[in-house]
Amino acid sequence: MILVFVEHRDGQPDIPSLQTLSFARSLAAQTGDSIEAVAFGPDSLADKLRDFGVRKYHSITDDQLMAYASEAWAVSLKQLTESINPKVLLAPGTIKGNEVMAYVGALSSLSVVTNVCQVNAGDEWRITRSSWGGGLFEDVLIDQDLALLTLATNTVEASESAVDICDTVSFAPALEKKHFRAQVKSVESSVDEGLSLKTATLVIGGGRGTGSAEGFGVLEELGEILQGVVGGSRVTTNNGWRAHKHQIGLTGNHISPKLYIACGISGAIQHMAGCKKSKNILVINTDENAAMFSHADYGVIGDLHEVVPAIIEELKNS
Amino acid sequence: MNILVCIKQIPDVGGKIKLSDDGRDIDSRNLGFTISPHEECAVEQAIQLVKKDGGSATVLTLGNADSEEQLRDSLARGMDKGVLLHTENSNWNANQIARAITDTIKKMETDDGTFDLILFGSESADRGNAQVGVLVAHALDRPSVNGINGLEVEGNSALVKRDSDEGTENYELVLAAVLSVKDGMNVPRFPSLRGTLMAKKKPIQFIEVEPDDTGTSFQNFEHVPEQRKQAVILGRGPEAAASVVQVLRRLELVE
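Residues numbered from 1 in each chain as written. Chains lettered and ligands numbered in written order. Predicted model: local features only at pLDDT ≥ 70, side-chain atom pairs only at ≥ 80, totals over all residues.

(A) Quick look at the overall build of chain B. Within chain B, the regular secondary structure consists of 6 helices and 14 strands. With respect to the three principal axes, the spread of C-alpha positions in chain B is 70 × 45 × 40 Å. Here chain B holds 255 residues, and the buried ones make up 45% of them. (Helix = DSSP H or I, 4+ residues; strand = E, 2+ residues; numbered from the N terminus. Buried ≥ 20, exposed ≤ 12 C-beta atoms within 10 Å, placed from the backbone.)

As structure tokens, this is what we get:
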């Protein structure tokens with residue numbers, strides 16, 4: 001049996017969890033197992049879980065566990081696995097999923113494979129995981145009675161495949177005070193200022209080629225005309241030319257606009273990790289050998305400080 | 001306040017990763033080396049905290065002899081001393097790394113007292129397992145939070161902020177604690193010339209380590225199949241502007 005750890009918001013499984021359930025079904029098809037799920041949440045989750053192929057839902061509703069506490073959640077999951085003996089415990093590769101699973105691994109003295117993209121379940125399990133910020137795949141072998149895995153987000157689409165019935169059973173873990181020493185005290189639902197970059201239709205990015213904070217002036221001007229949002233590569237945030245919240249890249253915002261105009265950006269893999277979901281990429285760069293050109297649909301070879309003002313002029317005249 | 005920061009040397013791969021023939025390593029023969037952005041922020045945080053509250057900031061890495069360069073770089077920025085867990089074996093899994101680091105921390109703490117804070121980067125820039133911080137915290141029986149975006153130390157508590165889908169989570173941990181830091185928490189300083197000169201004289205302790213033979217076994221890397229594109233070159237210099245505007249029209253981004 002494959003046990004899936006499901007995260008939810010307001011009683012609905014979140015998207016990474018639904019993707020994880022979909023991935024679990026393809027794994028179950030390989031191993032001939034059934035799928036069960038566990039969540040720190042209400043019975044009402046069962047309806048949605050049934051739509052995604054879950055036959056049994058282990059609901060943990062202890063009040064003190066409703067606010068996230070990594071160790072306490074992990075101890076609960078470990079106790080559940082000891083009670084129902086799954087072959088796999090699979091979690092979404094989110095910040096919480098990876099953290100809780102790290103604790104489950106530590107508590108059980110087992111290895112955890114994070115950010116998994118593919119599983120070949122044979123005598124020994126050969127697992128392909130996302131490595132180098134999505135730039136490489138890495139194959140590892142594990143040989144454990146209980147495989148502890150987290151799924152790289154957006155590896156598979158969330159797709160429904162309903163079963164007739166999903167039984168809900170409650171599980172009550174035995175916990176100690178020390179398991180709550182790192183627990184969320186409060187959550188500020190802050191306005192995410194990076195959100196506009198993440199959701200924009202058009203994004204303009206500046207890299208080393210901007211040369212300074214002032215160098216972003218022409219990009220801002222173009223952004224205003226095209227109603228696009230301006231971001232920067234890590235070089236620009238590191239030099240203080242641009243605030244970190246405007247960073248596009250592996251450790252910043254991940255964007256997916258209709259068009260990304262990358263100006264003076266070389267195209268390091270860390271940057272590509274943040275912009276590769278763009279539908280179209282247009283590069284403006286003085287170096288025609290820049291890696292960015294091999295990821296782009298359109299290119300202009302030239303200095304952004306000359307090309308971008310010319311584009312602005314052209315737009316004003318037309 | 002005594003702080004330990006753990007960093008990891010990685011090749012600075014730029015736009016394309018080249019693999020060795022057997023796929024077991026990055027071909028780094030023509031590459032420089034660096035550490036992850038997350039770790040740079042962890043180093044900066046330690047330097048700022050020690051500047052404010054006094055104490056000592058130690059930087060530790062597990063890697064080959066060349067990793068000394070990354071330790072010296074952190075020392076040049078303002079860390080006080082370094083520890084190099086030396087191994088020429090490049091394939092350590094997260095559990096093996098965590099055990100080697102934990103053993104070292106236990107020995108160091110017996111001699112010099114407890115680290116109030118042990119900082120990691122949120123995940124390493126290469127394998128990115130995001131496991132080692134938690135494994136070390138568990139082995140030392142200390143609280144931990146992964147991937148934090150804000151930290152203030154007040155007396156014996158660490159006030160921690162972490163961004164999640166729901167908003168910003170607030171934690172209050174009793175020290176000693178283990179935290180892994182996300183890029184953007186601060187703007188890391190660059191080493192000064194004076195710092196670079198001073199770093200040459202700062203102490204680095206070398207300890208030999210080897211991985212035990214448990215857990216996952218690494219097989220090889222593979223390239224992610226990518227749709228390499230051949231960009232349509234719209235032109236050179238400002239003359240290309242008209243063609244760019246045509247593209248914008250075609251994509252219905254301008255009237």
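Still more ground to cover, so stick around.
(B) Representation of the nonpolar core. Of all hydrophobic cores here, the largest spans 109 residues; its most connected members are Val4(A), Val5(B), Ala46(B), Leu119(B) and Leu179(B). When residues no more than four places from it in sequence are discounted, the contact partners of Leu119(B) are Ile3(B), Val5(B), Ala42(B), Gln45(B), Ala46(B), Leu179(B) and Val181(B). Within the second largest apolar cluster, 54 residues are counted, among which are Ile204(A), Val300(A), Ile311(A) and Val245(B). (Core = buried A, V, L, I, M, F, W, Y, C linked by C-beta atoms within 7 Å. Contact = placed C-beta atoms within 7 Å.)

(C) Highlighting the domain arrangement of chain A. All names here are of chain A. According to the domain assignment, chain A consists of domain 1 (2-180) and domain 2 (195-317). Centre-to-centre, using C-alpha coordinates, domain 1 lies 37 Å away from domain 2. Facing 4 residues of domain 1, the contacting portion of domain 2 comprises 4 residues. Its residues assigned to classes, the side of domain 1 that touches domain 2 comprises 1 nonpolar, 3 polar and no charged. (Domains from an automatic or database assignment. Nonpolar A, V, L, I, M, F, W, Y, C, P; charged D, E, K, R; others polar.)

(D) Examining the sheet that holds strand S14 (residues 229-232) of chain A more closely. Read across the sheet, 6 strands follow the order S14(A)-S13(A)-S15(A)-S16(A)-S17(A)-S14(B) without closing on themselves; strand pairing throughout is parallel. The open sheet has two edge strands with one neighbour each: S14 of chain A together with strand S14 (232-236) of chain B. Between one strand and the next, the sheet's axes are offset by a mean angle of 20 degrees, whatever the strand orientation. Relative to strand S16 (residues 280-285) of chain A, strand S15 (residues 259-263) of chain A is paired through 5 bridges, and the arrangement is parallel. If you follow Cys263(A) over to S16(A), its bridge partner there is Ile284(A). Its contacts with the sheet put helix H6 (residues 217-226) of chain A on strand S13 (202-206), S14 and S15 of chain A, and the angle it makes with S13(A) is roughly 175 degrees. Here helix H6 (residues 241-250) of chain B sits on the sheet in contact with S16 and strand S17 (298-301) of chain A together with S14 of chain B, set at roughly 145 degrees to S14(B). (Pairing = 2+ DSSP bridges. Axes fitted to C-alpha atoms, helices over the stretch in contact; angles between N-to-C directions.)

(E) Representation of the pairing of strand S8 (residues 125-131) of chain A. Residue and element names in this part refer to chain A. Counting buried positions along S8 gives 5 out of 7 residues, so the element sits mostly inside the fold. Two elements, strand S7 (residues 112-121) and S8, share 5 bridges in a ladder whose sense is antiparallel. Residue Val 116 lies in a different strand from S8, and its bridge partner there is Arg 129. Hairpin connection of S7 to S8: 3 residues between the antiparallel strands. One ladder, built from 7 bridges, connects S8 with strand S9 (residues 136-142); its direction is antiparallel.

(F) Local environment of the interface of chain A and chain B. Taken together, the contact between chain A and chain B spans 71 residues of the former and 68 residues of the latter. Of all the secondary structure elements, the ones that give two or more residues to the side of chain A that touches chain B are helix H4 (95-108), S7, S9, strand S12 (186-188), helix H7 (234-238), S16, S17 and helix H9 (304-317) of chain A.

(G) Region of interest: the sheet that holds strand S7 (residues 144-148) of chain B. All names here are of chain B. Taking strand neighbours across the sheet as the criterion, the 7 strands line up as S7-S11-S6-S1-S4-S5-S12 in an open arrangement whose pairing is parallel. The two strands at the open ends of the sheet, each matched to only one other strand, are S7 and strand S12 (204-208). Strand-to-strand twist across the sheet, computed as the mean angle between neighbouring axes with direction ignored, equals 20 degrees. Bridge analysis of strand S6 (residues 117-121) against strand S11 (residues 177-181) gives 5 bridges, and the strand direction is parallel. When the bridges of S11 are listed, Ile 118 appears paired with Val 178. Against the sheet, helix H3 (residues 94-112) contacts strand S1 (2-7), strand S4 (56-63), strand S5 (81-86), S6 and S12, and its axis sits at roughly 145 degrees relative to S4. Across the sheet, helix H4 (residues 132-140) touches S6, S7 and S11, and the angle it forms with S7 is around 165 degrees.

(H) Geometry of unusual backbone geometry. Backbone torsion omega between Leu175(B) and Ala176(B) reads 5 degrees, so that peptide bond is classified as cis. Of note, Ala176(B) is situated in the loop between strand S10 (167-174) and S11. One non-glycine residue with positive phi stands out, namely Ser109(A), at about 55 degrees. Looking at the element boundaries, Ser109(A) is found in the loop between H4 and S7.

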